[in-house]
Amino acid sequence: MNVERLFCIGKNYAEHVAELAHLGHQADGECVVFMKPASAVVPEGEPIVLPRGRGSIHHEAELVVLLTGGGRDIPVEEALDCVAGLTLGLDLTLRDLQTQLKSKGKPWEIAKAFDGAAPLGDFKPFLNQDLQALEFSCHVNGKLRQRGYTRDMLYSVARQIHILSQTWALLPGDAIYTGTPAGVGPLEPGDTVVLEGPGLGRYQWRCA
Ligand code: ZN
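One structure accompanies this document, and this report is about it.

Rules and cut-offs
Residues numbered from 1 in each chain as written. Predicted model: local features only at pLDDT ≥ 70, side-chain atom pairs only at ≥ 80, totals over all residues. Heavy atoms only, no water. Pairing = 2+ DSSP bridges. Helix = DSSP H or I, 4+ residues; strand = E, 2+ residues; numbered from the N terminus. Axes fitted to C-alpha atoms, helices over the stretch in contact; angles between N-to-C directions. Donors = N, O, S within 2.8 Å, 3.2 Å for Na, K, Ca; no water. Buried < 20%, exposed > 50% of the residue type's maximum accessible area, 1.4 Å probe, protein only. Phe/Tyr/Trp six-rings, centres within 6.5 Å; stacked < 30°, edge-to-face > 60°. Lys NZ or Arg CZ within 6 Å of the ring centre and 35° of its normal. Contact = heavy atoms within 4.5 Å. Polar contact = N/O pair within 3.5 Å; in protein donor to acceptor, adjacent residues only side chain to side chain.

All right, on to the sheet that holds strand E11 (residues 143-149) then. Read across the sheet, four strands follow the order E11-E10-E14-E15 without closing on themselves; strand pairing throughout is antiparallel. If you trace the sheet from one side to the other, it starts and ends with E11 and strand E15 (201-206), each paired once. Direction aside, the axes of adjacent strands within the sheet are offset by 15° on average. As paired elements, strand E10 (residues 135-140) and strand E14 (residues 192-197) share four bridges and run antiparallel to each other. Each residue of the ladder has a partner; that of Val-140, found in E14, is Val-193.

In structure tokens form, the structure reads like this:
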């Protein structure tokens, strides 16, 4: 199944929300929803071409779920029936630009949805494992930057699907970036990023 739409959930791990507080990003206990175009996807093996001259570019390592569809107004209790696959991905963020735009009350689309902003691993079939008991890590040049435990999510994957389905009829090929744990930081040309997690795979990209 090809990925058609990328939904992203922001502010879904308390420690990550806290680490951005000094930039004036509000912690109000609510997640945010945004989208990236499918054209932002960078499959494993292709270089991540970092935008130049636009300030810092942060990695956000995330569990990504692929949906079979499901339509509108999906109850939380039925939401996981819509999950087809699991993988890991990076929600790349032009952090300085995002912070500037936020401070002016402007949409921060261009800080999140640029070409190459969505490195994405191959989806593994969803085998009904507990999605709130997964673990994953992000290493940059061999150094641990992020370690995520999905039990720490403020909004479970099922709730995310429910919330999205109140606005969009969910379709086959929709995918959700489910939010990032603490430890986000800058990427530079030449960096190697590795995402891995038990049952989720291991994916590597080089930044150019
Ligand atoms: Zn994110």
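What follows picks up the thread again.
Attention shifts here to the coordination of the zinc ion. Within the protein, the zinc ion binds to Glu-60 (OE), Glu-62 (OE) and Asp-91 (OD); these donor distances fall in the range 2.0 to 2.1 Å. Counting residues between consecutive donors of the zinc ion along the chain gives the motif E-x1-E-x28-D. With a gap of 31 residues between them, Glu-60 in the loop between strand E4 (57-59) and strand E5 (61-71) and Asp-91 in the loop between strand E6 (83-90) and strand E7 (93-94) connect regions that are remote in the sequence. Of the two residues, Glu-60 and Asp-91, both sit in the buried class.

Here Asp-73, not a glycine, exhibits a phi torsion of approximately 50°, which is positive. Along the chain, the position of Asp-73 falls in the loop between E5 and E6. For Asn-141, which is not glycine, the phi torsion reads 50° and is therefore positive.

As judged from the six bridges shared by E14 and E15, these two strands associate in the antiparallel manner. Note on E15: the bridge partner recorded for Leu-195 is Tyr-203. Linking E14 back to E15 in an antiparallel pair, the connection comprises three residues, with Gly-199 at a positive phi of about 80°.

Attention now goes to the packing of aromatic side chains. This model, assessed by the stated rule, comprises three aromatic pairs. Considering the side-chain rings of Phe-34 and Trp-108, the 5.2 Å spacing of their centres and the 65° angle between planes classify their relative orientation as edge-to-face. On the criterion of sequence distance, the pair formed by Phe-34 in strand E2 (residues 32-37) and Trp-108 in the loop between helix H2 (95-103) and strand E8 (118-120) is long-range, its members being 74 residues apart. Residue classification places Phe-34 among the buried residues on the basis of a relative accessible area of 10%. Judged by relative accessible area, Trp-108 falls into the buried class, the value being 18%. Ring centres of Tyr-203 and Trp-205 lie 6.5 Å apart, and the angle between their planes is 40°; on these two criteria the pair is classed as tilted. Per residue, the accessibility class of Tyr-203 equals that of Trp-205, and both read buried. If you follow Arg-151 out to its NZ or CZ, it ends over the ring of Tyr-149, 4.5 Å from the centre.

So, about H2. Every α-helix carries 3.6 residues per turn, so stepping three or four residues along brings you back to the same face. For H2, every residue scored as buried is listed here: Arg-95, Leu-97, Gln-98, Thr-99 and Leu-101. Looking at the buried side of H2, the elements it contacts are helix H1 (14-19), E4 and E7. Directly beyond the C-terminal end of H2, a positive phi value near 75° is found at Gly-105.

Looking at the element boundaries, His-16 is found in helix H1. Note on His-16: relative accessible area 5%, which makes it buried. Residue contacts for His-16: discarding those within four places in its chain leaves Glu-60, Arg-95, Thr-180, Pro-181, Ala-182 and Val-184.

In this fold, His-59 is placed in strand E4. The buried category is assigned to His-59, whose relative accessible area is 0%. A polar side-chain atom of His-59 sits 3.0 Å from a polar atom in the side chain of Gln-146. Once residues lying within four places of it in the same chain are set aside, the contact partners of His-59 are Leu-90, Asp-91, Leu-92, Cys-138, Val-140, Arg-145, Gln-146, Gly-183, Val-184, Gly-185, Pro-186 and Leu-187.

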